[in-house]
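The residues making up each chain are set out below.
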Amino acid sequence: MTPVVFLAILCLGMASPSPAHDPVSDAEWQKWKIKHGKTYSLEEEGQRRAVWEENMKKIILHNGENGLGKHGFTMEMNAFGDMTGEEFRKLMTEIPVPTVRKGKSVQKRLSVNVPKFINWKKKGYVTPVRIQGRCNSCWAFSVTGAIEGQIFRKTGQLIPLSVQNLVDCSRSYGNRGCQFGSRRLALQYVKDNGGLESEATYPYEEKEGSCRYNPENSTASITGFELVPDNEDALMNAVATIGPISVGIDAWHESFLFYKRGIYYEPNCSSSAINHAMLLVGYGFIGEESDGKKYWLVKNSMGLQWGNRGYMRIAKDQRNHCGIATYALYPRV
């Protein structure tokens, strides 16, 4: 989900811009527009400027409080600065959480002594951060990321897989392309289809199209998939012993939208309302483990300018914060 789609399909009620702006604000506004390629009509300029200024105030306030030790993470103005929190929430769909089966493959590993730190990105399991653009395809990015990691584990080859293949071809399984998608149904499609193409042969287009899957170009296949039991201990064991895991979280918050770095903790986060898919690639802690500063490391699909170059640290062992363990799954290859 990028600002392009937000501007294309959303309208704000009539809002008057501030009657005057100080020169510093004017300079920052122009610099931000140039950086992110923003152009507006005369009427829209004032509306979006007002939203941007309000978001900037919230970011400055948050970072000031963080400097006093209140939050544990910083925020930063980014490409989403001209959006209201309400607009952001309307574009995210609540994802039904299926009944989690007690997967034997995960349960058997619960007694294993797992490492205190894991970062599969550093071990070569994770492809570069991408941006989903005008298509609500976070579910497909999360699924391809999980498959990429397992293919690397099996073959030693890291190959970016086709998100577009899933967007175009899994609709018969109940997915709705750029509107909504189930990661479970996407994995079922890959299993039944017998394969998935690579990004090289079926590139991403940021829109829905007709299914053009060519079995001759199949790059990856799976034998099935597993749902991880919905608790953080099982999730930690899964990440440690299997690799990157597809997860969903509650991201309906401005603090998520403008997250920059640190360990993300949002008091209003839900552990059951899942509305955004990401790829869990590791975990660890900052300082002393006993201090409670543990985190999950997740990869997003909003580009390098979001978060810490496309990544986020989410609070770990804090009562399933933001629902990160509520709906996690991984493919078998």
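Residues take numbers from 1 onward in each chain, read along the sequence in its written order. Reporting in this predicted model follows two pLDDT cut-offs: at least 70 for local features of residues, and 80 or more for side-chain atom pairs to be given and counted; totals over whole chains, interfaces and linings ignore these cut-offs and use all residues. To get the side-chain values, all heavy atoms of the structure are used, and hydrogens and water are removed first.

**Regarding the pairing of strand β8 (residues 276-285)**
The two faces of a sheet get side chains in turn, since along a regular strand they alternate between them. In plain terms, the rule: For each residue, the accessible area found with a 1.4 Å probe, counting protein chains only, is set against the maximum for its type, and the residue is called buried under 20%, exposed over 50%, and partly exposed in between. A run of H or I in DSSP becomes a helix once it reaches four residues, and a run of E becomes a strand once it reaches two; helices and strands are each numbered from the N terminus. Strands qualify as paired when DSSP identifies two bridges or more between them.
Judged by how many residues are buried, β8 sits mostly within the fold: ten of ten residues are covered. Sheet topology note: the strand β2 (residues 118-119)/β8 ladder contains two bridges and is antiparallel. Paired with Ile118 across the strands is Tyr283, a residue of β8. By the bridge criterion, five bridges tie strand β6 (residues 245-249) to β8 in an arrangement that is antiparallel. Counterpart to Gly248 in the pairing with β8 is Ala277.

**As for the packing of aromatic side chains**
The condition is simple: Only Phe, Tyr and Trp rings take part, Trp by its six-membered ring, and two of them pair if their centres are within 6.5 Å. Stacked means planes under 30 degrees apart, edge-to-face means over 60, and tilted covers everything else.
Going through the model one piece at a time under the given rule, you end up with 16 aromatic pairs. With 6.1 Å between their ring centres and 35 degrees between their planes, Phe73 and Tyr259 make a pair best called tilted. Here Phe73, found in strand β1 (residues 73-75), pairs with Tyr259, found in strand β7 (residues 259-264); they are 186 residues apart in sequence, far enough to count as distant. A residue is classified by how much of its surface remains accessible, and Phe73, at 2% relative accessible area, is buried.

**Overview of the layout of surface pockets**
For the record, the criterion: A cavity here means a set of 1 Å grid points, computed over protein atoms only, where a 1.4 Å probe fits but cannot escape. A pocket is an open set with protein on both sides within 12 Å along at least 5 of 7 lines, and lining residues have an atom within 4 Å of a point. Grid points are joined across faces, edges and corners, and a volume is the space filled by probe spheres set on the points.
Taken as a whole, the largest pocket spans an internal volume of roughly 380 Å³. As for the largest pocket, its lining consists of 18 residues, and the residues nearest its centre are Asn119, Leu297, Asn308, Tyr311 and Arg313. If you list the elements that add at least two residues to the lining of the largest pocket, you get β2, β7, β9 (294-299) and β10 (311-315).

**Brief notes about the confidence of the model for the chain**
Filter applied, for reference: On a range of 0 to 100, pLDDT expresses the predictor's confidence in each residue. By definition in these notes, contact holds between two residues if any of their heavy atoms fall within 4.5 Å.
Residues with a pLDDT of 70 or more make up 87% of the chain, whose mean pLDDT is 88. Every residue in residues 1-19 is under pLDDT 50, and counting partners more than four places away or in other chains gives 46 contacts. Taken together, the stretch residues 102-107 has pLDDT below 50 and engages in 13 contacts with residues farther than four places along the chain or on a different chain.

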